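Close look at the chain arrangement
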Amino acid sequence: MSDNCLSAHLPGQGLMGVFLRQRVCVTDSVEDELEFALARHRPEGLEQLEAQTRFSRKELQILYRGFKNECPSGVVNEDTFKDIYSQFFPQGDASMYAHFLFNAFDSDHNGCVSFEDFVLGLSVLLRGSVQEKLNWAFNLYDINKDGYITKEEMLDIMRAIYDMMGKWTYPLLKEETPRQHVDIFFQKMDKNRDGVVTIDEFIDCCQNDENIMKSMQLFENVI
Amino acid sequence: MAAGVATWLPFARAAAVGWLPLAKKTMPKPPIDKKSRSDEILFVNVSGLRFQTWKNTLDRYPDTLLGSSEKEFFYNEDTQEYFFDRDPEMFRHVLNFYRTGKLHYPRHECIQAFDEELAFYGIVPEIIGDCCMEEYRDRKKENQERLAEDNEAGEGGDAPLPPNSTSRERLWRAFENPHTSTMALVFYYVTGFFIAVSVIANVVETVPCRPIKGTVKDLPCGEKYSLAFFCMDTACVLIFTFEYLMRLFAAPSRCKFMRSVMSVIDVVAIMPYYIGLIMPENEDVSGAFVTLRVFRVFRIFKFSRHSQGLRILGYTLKSCASELGFLLFSLTMAIIIFATVMFYAEKGTKGTNFTSIPAAFWYTIVTMTTLGYGDMVPNTIAGKIFGSICSLSGVLVIALPVPVIVSNFSRIYHQNQRADKMRAQQKVRMARIRLAKKGTTNAFLQYKDDGGLQDHDSDSTALCVKNRSAFEHQHHHLLHCLEKTTNHEFTDELTYSEVCMTESVGYRTSRSTSLSSHQGGSSSCCPRRAKRRAIRLANSTVSVSRGSMQELDTLQVHKTSVAPQSRSSLNARTEDLKLNCDDRDFTAAIISIPTPPANTPDESLPPSPAIPGILRNSRSGTFPHDAVKISSL
């Protein structure tokens with residue numbers, strides 16, 4: 001757990017930043033349980049959330065009821081994410097991907113996803129502009145949040161996605177399949193061939209890709 | 001699906017936006033969400049008691065009555081509510097299950113009534129939360145035992161054996177339950193009698209009888225009437241041997257029987273006699289022989305077959321072995337300490353009994369257990385002081401652990417039982433989770449096989465594809481998106497193991513063969529399945545032409561798995577509605593790279609004329625044996 005919190009901090013701030021940052025949900029299990037018992041998070045008011053997100057009042061109500069039922073303490077921790085994803089993808093191992101996803105949602109990097117984080121993320125994903133969605137995806141791939149996607153980061157993400165498929169696939173998943181996929185991705189995205197993909201390259205390239213643009217509208221009516 | 005997962009599905013689907021820039025293929029269209037997204041309050045009237053809840057709450061568990069479309073059967077148009085003619089008190093618990101995700105068992109209710117309500121509402125009792133699970137299980141077991149007892153009493157004895165059981169089975173049953181037949185009962189009492197006779201003879205043997213005329217010394221009866229005792233002993237041993245051999249013969253598992261405690265006792269009881277017969281009658285070994293006769297006393301343990309209490313005692317002792325071991329260890333420590341001290345304290349005295357430390361052990365034990373025989377007594381003052389300390393501490397050391405052990409007995413006993421229950425429950429839960437996961441996977445695979453992933457632009461969609469809950473639609477769509485992102489498909493274990501096998505064998509194939517092989521008559525509903533089948537058959541011809549029978553031996557009939565326990569699929573009765581989807585898949589050497597699914601079957605057939613024959617036979621629903629037979633072209 002501590003690895004998560006540490007890896008999620010911006011490199012420029014250094015060690016002091018790590019210590020100064022708010023730590024609500026940190027390391028091992030016993031402390032975890034105690035802190036989760038104490039950490040009761042109440043979200044900001046409905047009006048505020050309505051202003052910040054693109055959901056209507058009713059939708060926020062439905063979302064919150066569901067959320068509160070699942071997590072009475074008001075926050076989601078990474079284990080819940082992993083649990084949920086393992087139920088949705090029973091054949092594979094979804095824990096790595098859930099980990100990356102959790103970091104993408106946990107915008108203030110405190111180890112828990114509160115209702116605000118949750119609903120802000122959903123708002124971008126479902127009601128955001130194409131630019132915002134691509135931004136979010138970039139943020140997901142950029143594991144250390146430094147503004148560049150390196151091949152290693154992409155490989156980690158790709159492996160996590162392929163892990164979700166599990167073993168029993170057709171055709172057989174080979175060792176180098178994720179790597180090949182990463183190479184294809186970089187070939188497409190990395191215009192100046194400097195080994196990293198920046199946010200502008202990414203957005204540019206995606207906007208020029210018809211397939212990606214078309215599929216962006218896919219999940220709009222999920223909520 | 002487990003609790004609350006339905007709530008998270010929209011979130012998982014939204015997060016799928018993260019796959020979009022990486023996808024190798026275009027994403028499939030999402031399922032059309034027919035129902036309105038707004039939540040509404042439902043009214044549920046249970047025998048007059050009105051409950052209100054959100055629709056979403058009930059939708060959390062689509063496998064149950066209230067979560068599925070089955071509740072529509074109970075909808076009352078006039079009053080705009082769902083009416084159930086059931087116990088309103090019980091319904092409260094059922095509804096709380098939906099609300100909190102945990103099912104609780106009300107302690108004041110009858111277990112059977114509760115079970116019936118759960119069965120009515122389609123809730124599996126295993127979901128009962130940990131807090132109430134133990135109570136539930138205990139009550140249920142109690143109830144079952146009570147019913148079983150009543151049944152037994154009603155039938156007046158054990159159920160009669162099935163008519164065609166072998167004599168061996170009957171014999172075993174007679175041994176285990178002596179009350180079944182009169183012969184068994186007679187045998188039971190006879191063996192009991194002989195055990196008693198044998199033990200009494202052993203005891204009486206040593207009593208001094210009046211001496212034979214002419215001698216002065218008292219003889220033990222055993223020597224006076226040695227012949228009589230010998231005959232009695234022989235008779236008993238013969239009976240015991242006979243019984244043991246009969247049991248050995250009748251036992252369903254001989255190894256297990258021979259390892260059981262009772263049979264070991266039997267053997268130990270009769271061995272000394274035979275050893276005595278075999279051994280020669282000379283003075284050197286007769287001493288050892290006499291020692292062996294001690295083992296005859298083990299015959300008394302044979303009574304444990306006749307006495308339940310003895311068995312329970314033995315079991316409890318066994319289960320508290322560690323506690324007893326600890327007691328023994330601490331006693332040993334105390335004994336050694338005090339014996340040493342006493343020895344050195346009494347060392348100076350002349351003619352003392354404390355000749356060595358081991359000799360002082362005896363004194364320490366006798367003193368600590370407050371026996372005080374008085375055969376060894378300290379003389380020095382230091383010895384007396386330490387002796388009194390020894391006796392005082394003896395009381396403590398012995399008396400203290402005993403209540404602890406007694407309470408440990410009951411605690412460990414109950415804990416064992418609880419641990420076993422927990423383990424069993426955990427196994428059940430894991431199995432259920434595995435099954436649920438498998439069910440999800442199988443549901444998705446079946447959905448794919450039924451052509452559910454084709455574009456539904458017309459009514460040509462098979463009925464088997466409809467009748468899935470919205471949740472399943474969306475979940476399958478999500479899985480499909482992942483497939484498209486990675487350009488790999490989900491399959492099951494069978495297919496995977498075959499592919500592994502064939503890849504290890506090696507392959508040579510041409511794409512043209514795979515493309516051109518479709519058999520006629522496959523429905524447009526399942527062109528994908530037909531395609532896959534055709535690919536495999538084409539490759540099977542390739543492998544036949546190479547002359548290797550190995551791939552064909554691996555031909556199995558891949559039965560499409562039935563979606564288990566999912567209530568919605570049960571409601572839909574997909575098996576009946578699957579008109580053309582009722583085929584069975586052949587899976588042979590699967591080799592080629594997946595080509596984009598063609599919607600129209602090609603006309604050309606592979607050159608071998610036998611293959612259409614195979615397919616036709618398979619279509620009519622044959623058994624695996626036929627398939628394998630035909631495959632040997």
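Residues numbered from 1 in each chain as written. Chains lettered and ligands numbered in written order. Predicted model: local features only at pLDDT ≥ 70, side-chain atom pairs only at ≥ 80, totals over all residues. Heavy atoms only, no water.

Under an unreviewed UniProt entry, the name given to chain B is A-type voltage-gated potassium channel KCND1, and the source organism is Alosa alosa. Looking at chain B in UniProt, the text filed under Subunit (unreviewed entry) is "Component of heteromultimeric potassium channels. Identified in potassium channel complexes containing KCND1, KCND2, KCND3, KCNIP1, KCNIP2, KCNIP3, KCNIP4, DPP6 and DPP10." Taken directly from UniProt, the Subcellular location (unreviewed entry) text for chain B runs: "Membrane". (UniProt positions renumbered as here; feature names shortened; annotations may be inferred.)

The name given to chain A in an unreviewed UniProt entry is Kv channel-interacting protein 4, with Alosa alosa as the source organism. In the Sequence similarities (unreviewed entry) part of its UniProt record, chain A is described as follows: "Belongs to the recoverin family."

The next subject is the pairing of strand E4 (residues 81-84) of chain B. All names here are of chain B. By the bridge criterion, 3 bridges tie strand E1 (residues 41-46) to E4 in an arrangement that is parallel. Bridged to Val44 within E4 is Tyr82. Relative to E4, strand E3 (residues 75-76) is paired through 2 bridges, and the arrangement is antiparallel. When the bridges of E4 are listed, Asn76 appears paired with Glu81. The hairpin formed by E3 and E4 contains 4 residues between the paired strands, and Gln80 there has a positive phi angle of roughly 55 degrees. (Pairing = 2+ DSSP bridges. Helix = DSSP H or I, 4+ residues; strand = E, 2+ residues; numbered from the N terminus.)

Residue and element names in this part refer to chain B. Pairing in this open sheet of 4 strands is mixed, and the strands run E2-E1-E4-E3 from one edge to the other. A single partner strand is all that each edge strand has here, and the edge strands are strand E2 (49-54) and E3. Pairing of E1 with E2, which is carried by 6 bridges, proceeds in the antiparallel orientation. Across the sheet, Val46 pairs through a bridge with Leu49, a residue of E2.

This brings us to the packing of aromatic side chains. Going through the model one piece at a time under the given rule, you end up with 51 aromatic pairs over all chains. Between the aromatic rings of Phe81 of chain A and Phe11 of chain B, the centroid separation amounts to 5.2 Å while the plane-to-plane angle is 65 degrees, which identifies the pairing as edge-to-face. In this pair, Phe81 of chain A is assigned in helix H6 (residues 78-88) and Phe11 of chain B in helix H1 (residues 5-15), connecting two distinct chains. Comparing Phe81 of chain A with Phe11 of chain B, the two get one shared label, buried. (Phe/Tyr/Trp six-rings, centres within 6.5 Å; stacked < 30°, edge-to-face > 60°. Buried < 20%, exposed > 50% of the residue type's maximum accessible area, 1.4 Å probe, protein only.)

Each partner contributes residues to the interface: chain B has 61 residues there, and chain A has 60 residues. Regarding the contact of chain B and chain A, the summed buried area is about 5,500 Å², with carbon and sulfur atoms giving 72% of it. Looking only at chain B, the three residues that lose the most surface to chain A are Trp8, Phe11 and Leu22 of chain B, adding up to 14% of its buried area. The interface formed by chain B and chain A holds 0 salt bridges in total. Where chain B touches chain A, the interface holds 8 residue pairs in polar contact (both at pLDDT 80 or more). Counting only elements with at least two residues in the side of chain B that touches chain A, the list comes to H1, helix H17 (401-449), helix H18 (470-486), strand E7 (489-490) and helix H19 (493-505) of chain B. (Contact = heavy atoms within 4.5 Å. Buried area = accessible area lost by both parts, 1.4 Å probe. Salt bridge = Lys/Arg side-chain N within 4 Å of Asp/Glu carboxyl O. Polar contact = N/O pair within 3.5 Å; in protein donor to acceptor, adjacent residues only side chain to side chain.)

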